[in-house]
Amino acid sequence: MNLQSVKRFFGGIAEAARERTSTAKNAKMMRFDQYLIFAVLALLFLGLIMVYSASIALPDSPKYASYRNEHFFIRQAIFIVLGLVAGLMVFRVRVDTWQKYAPLLFVITLFLLVLVLIPGIGKGVNGARRWLSFRVFNLQPSELMKLFIVMYAADYTVRKQNFMHKLTKGFLPMAAALGLIGLLLLLEPDLGALGVIICIAMGILFLGGFNGIWFGGIAATLVGIFSLVIIMSPWRRERIFAYLNPWDEANALGKGYQLSHSLIAFGRGEIFGVGLGGSVEKLHYLPEAHTDFLMAVVGEELGFVGVMAVIAIFYWIVKRAFEIGRQAIAMDRIFAGLLAQGIGIWIGVQTFINMGVNLGLLPTKGLTLPLMSYGGSGIVINCMALAVLLRVDYENRKIMRGGRI
C-alpha cells in the first residue's frame, strides 16, 4: 500500500465521520423552538393569574355588581384557550400563503375599521368606538390590523425592493395606506394603536432597505404630526401636563389619577412585593388594573423581581424574533425574515409603551400588555402572531435539515 492509498483511506474515514456528525446534528435539531413556546406560555399563564388577582375585587363596585369574582378569570382562560387553538391553526399555514393573501387581508381589515365607525354596528366603551360586537365576543379590528400590517408591509417591501431608495415609488404608496389607517383610528379614537402600527410599518421599511436619509426625515415629520395632534386636542394636552407632574393636587385627582396610583403600586411592591393577592391599589384605587395597568399590580404584588422577570421574558421573545428573521433572510427568504422581525417590533414596541405608561416614563395611553392583559382580541391575535413567528422558524429548520416546505 503506497502513501497515496493511505491518505485516501484515512480521508474516507474522516469524511464518513463528518457525515455521521452532520446527520447526528440534524437528528438532534428540534423541529420547532420549544423555548419560545415555553416563554409565551409562561406569560400567558402569569397574565391569567395576575388578571384574576387584579379583578377579584371588581364585583364590589356598582359597575360590576352583577359579575362573579371569577368572571374575568374565566373569560381570560377561555380567551387563552381560543388563542392557543387559533395559533395551532395558523401554524399550519405556509408563510408563502400569508404573502400571497397579505394585500387582501389588509383591505378586509380596513373595511372592518370603517364598520367600527358606523353607529349601530360599532360598539362604544368609555367614549371610544373600537369594537365590533358578535354577542359572544367583541372583535377589535385595530388589533387585527397590527398583525396584517406586518404581513402587508413585509410583502410591500419585497415587491418594491428595487424602489426602496425612491420616495415616490418606494414610500408614498405605503404612506397613503398608513394615512388612511391613521384617519380611521383617530376617528375611533385610538392613538396608541396608531402609534404601534406606524412603528411596525416604518420598522419593516427600514429593515427592508429604505433610504436612511428619507427615513430620518419622515420619522421627524411623524413626530411633528403626533405632537400637533396632541396640541390640538385639549384632553390629550391635559394628559401630557398630568404626566409631567402627576403629584400636583389637580392632576392627582384628575388626568394623573391612574399614573399616580400606578406609581404608588410600584412603590409599595419594593424588591419582592407584598405577595400574590396582597395588592391594595387594585381595590378600586387603580382603574383598569386588569387591562392597561396590569403591570402595576405585578409590581405591587411581585415587586422589582417579578417586574424584571416579565421584562426579561419579553426581551428574550423579541430578541428571538429578530434572530429568526435574520436566519430567514440569510436563507434568501426575505418576506419570512421581515415578517418575523415585524412581529418582534410589534411585541417590543407595544410592551415598551405599556410598561413605560405604567412606570410613568410615557404619557398615559390605552394600550394593553401583550399576552398578559385582559382582552379577547389582544390575546387571540397575539397568539396568532407568535404562531406565525414559530412557522417561520419551523420552515427555517426544515430547510436546514434538507427537507422541503
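Residues numbered from 1 in each chain as written. Predicted model: local features only at pLDDT ≥ 70, side-chain atom pairs only at ≥ 80, totals over all residues. Heavy atoms only, no water.

So, the overall build of the chain
Part 1: Within the chain, the secondary structure is distributed over 14 helices and three strands.
Part 2: Since a compact globule built from 405 residues should have a radius of gyration of about 22 Å, the 24 Å found for the chain is in line with a globular shape.
Part 3: The principal-axis extents of the C-alpha atoms in the chain amount to approximately 95 × 55 × 40 Å.
Part 4: Taken over 405 residues, the chain has a buried fraction of 47%.
Part 5: Taking all contacts inside the chain whose residues are at least 6 apart in sequence as the whole, residues at least 24 apart take part in 71%.
Part 6: Here the chain has roughly 19,600 Å² of accessible surface; of this, 67% comes from carbon and sulfur atoms.
Part 7: Counting 38 positive and 23 negative side-chain charges, the chain places the centres of these two groups 12 Å from one another. (Helix = DSSP H or I, 4+ residues; strand = E, 2+ residues; numbered from the N terminus. Rg over C-alpha atoms; globule rule 2.2 N^0.38 Å. Buried < 20%, exposed > 50% of the residue type's maximum accessible area, 1.4 Å probe, protein only. Contact = heavy atoms within 4.5 Å. Areas by Shrake-Rupley, 256 points an atom, 1.4 Å probe, with all protein chains shown as cover. Lys, Arg positive; Asp, Glu negative; His and termini not counted. Charge placed at Lys NZ, Arg CZ, Asp CG, Glu CD.)

A closer look at the confidence of the model for the chain
Part 1: This prediction gives the chain a mean pLDDT of 87; 92% of its residues lie at or above 70.
Part 2: Mean pLDDT across the elements of the chain ranges from a minimum in helix H1 (residues 3–28), with 51, to a maximum in helix H12 (residues 294–330), with 97.
Part 3: Low confidence marks residues 21–27, where pLDDT is under 50. Its contacts with residues over four positions away, or in another chain, come to three contacts. (pLDDT = per-residue confidence, 0-100.)

Brief notes about a nonpolar patch on the surface
Part 1: Taken together, the side chains of Ile271, Phe272, Phe304, Val305, Met308 and Ile311 present a nonpolar region at the surface, about 580 Å² in accessible area.
Part 2: Residue placement: phenylalanine 272 occurs in the loop between helix H11 (257–269) and H12. (Patch = residues over 30% accessible without salt bridge, like charges linked within 9 Å, V, L, I, M, F, W, Y side chains within 5 Å. Salt bridge = Lys/Arg side-chain N within 4 Å of Asp/Glu carboxyl O.)

Some words on the sheet that holds strand S2 (residues 128–133)
Part 1: Here three strands make up an open sheet; going across it, the order is S1-S2-S3 and the pairing antiparallel. Of all the strands in the sheet, the pair left with one neighbour each is strand S1 (122–125) and strand S3 (138–139).
Part 2: Its contacts with the sheet place helix H4 (residues 95–116) against S1, S2 and S3, and it is angled at close to 115° to S2. (Pairing = 2+ DSSP bridges. Axes fitted to C-alpha atoms, helices over the stretch in contact; angles between N-to-C directions.)

Examining H12
Part 1: Between the first and last C-alpha of H12 there are merely 38 Å, a value that for 37 residues lags more than 12% behind the 54 Å anticipated at 1.5 Å per step.
Part 2: At leucine 302, H12 shows its maximal kink, close to 125°.
Part 3: Of the residues one or two after H12, aspartate 332 is the one with positive phi, at around 65°. (Expected span 1.5 Å × (residues − 1). Bend = angle between axes of the 7 residues up to and from the residue.)

Looking at the nonpolar core
Part 1: Judged by nonpolar contacts, the single largest core of 109 residues is most densely connected at Ile149, Met151 and Ile181.
Part 2: Apart from residues no more than four positions distant in its own chain, isoleucine 149 is found in contact with Phe106, Leu178, Ile181, Ile197, Ile200 and Ala201. (Core = buried A, V, L, I, M, F, W, Y, C linked by side-chain atoms within 4.5 Å.)

Quick look at the packing of aromatic side chains
Part 1: Per the stated rule, a full pass over the model turns up ten aromatic pairs.
Part 2: Both rings, one in tyrosine 52 and one in phenylalanine 73, keep their centres 4.8 Å apart while their planes meet at 50°; by these two values the pair is tilted. Of this pair, tyrosine 52 sits in helix H2 (residues 34–55) while phenylalanine 73 is found in helix H3 (residues 71–91), placing the two residues 21 residues apart along the sequence.
Part 3: The exposure class assigned to phenylalanine 73 is partly exposed, which follows from its relative accessible area of 28%.
Part 4: On the numbers, 5.8 Å between centres and 45° between planes, the contact of tyrosine 67 with phenylalanine 72 is tilted.
Part 5: Tyrosine 67 sits in the partly exposed class, given a relative accessible area of 32%.
Part 6: Relative accessible area serves as the criterion here: at 6%, phenylalanine 72 is assigned to the buried category.
Part 7: Of note, arginine 391 hangs over the ring of phenylalanine 91, and the distance from its end group to the ring centre comes to 5.9 Å. (Phe/Tyr/Trp six-rings, centres within 6.5 Å; stacked < 30°, edge-to-face > 60°. Lys NZ or Arg CZ within 6 Å of the ring centre and 35° of its normal.)

Structural notes on the pattern of salt bridges
Part 1: Overall, the coordinates contain 13 salt bridges when judged by the stated rule.
Part 2: Linking arginine 159 and aspartate 155 is a salt bridge whose minimum nitrogen-to-oxygen distance equals 2.8 Å. Remark: aspartate 155 and arginine 159 occur in helix H5 (residues 141–159); sequence separation between them is four residues, near one turn of the helix.
Part 3: Judged by relative accessible area, which is 45%, arginine 159 ranks as partly exposed.
Part 4: Taken together, the shared-partner salt bridges in this structure form one network comprising Asp33, Lys319, Arg320, Glu323, Asp393 and Arg397.

Describing the packing of H2 against H12
Relative placement of two packed helices is described by the angle separating their axes and the distance separating the axes.
Part 1: Orientation of H2 relative to H12, taken along the N-to-C sense of each, is 155°, at an axis distance of 10 Å. It follows from the interaxial angle that H2 and H12 lie roughly antiparallel. In the crossing of H2 with H12, the sense of the turn from one axis to the other is left-handed. For the pair H2 and H12, the contacting residues are Tyr35, Leu36, Ala39, Val40, Ala42, Leu43, Leu46, Gly47, Met50, Val51, Ser53 and Ala54 in the first and Leu294, Val297, Val298, Glu301, Leu302, Val310, Ile313, Phe314, Trp316, Ile317 and Ile324 in the second. (Parallel < 35°, antiparallel > 145°, perpendicular 65-115°, else oblique. Left-handed = near helix turned anticlockwise from the far one by under 90°.)

Here's the deal with H11
Part 1: In this model, H11 (13 residues) spans 19 Å end to end at C-alpha, consistent with the 18 Å of a helix rising 1.5 Å per residue.
Part 2: Looking only at H11, the buried set comprises Gln258, Leu259, Ser260, His261, Ser262, Ala265, Phe266 and Gly269.
Part 3: Phi turns positive one or two residues past the end of H11, at glutamate 270, with a value near 50°.

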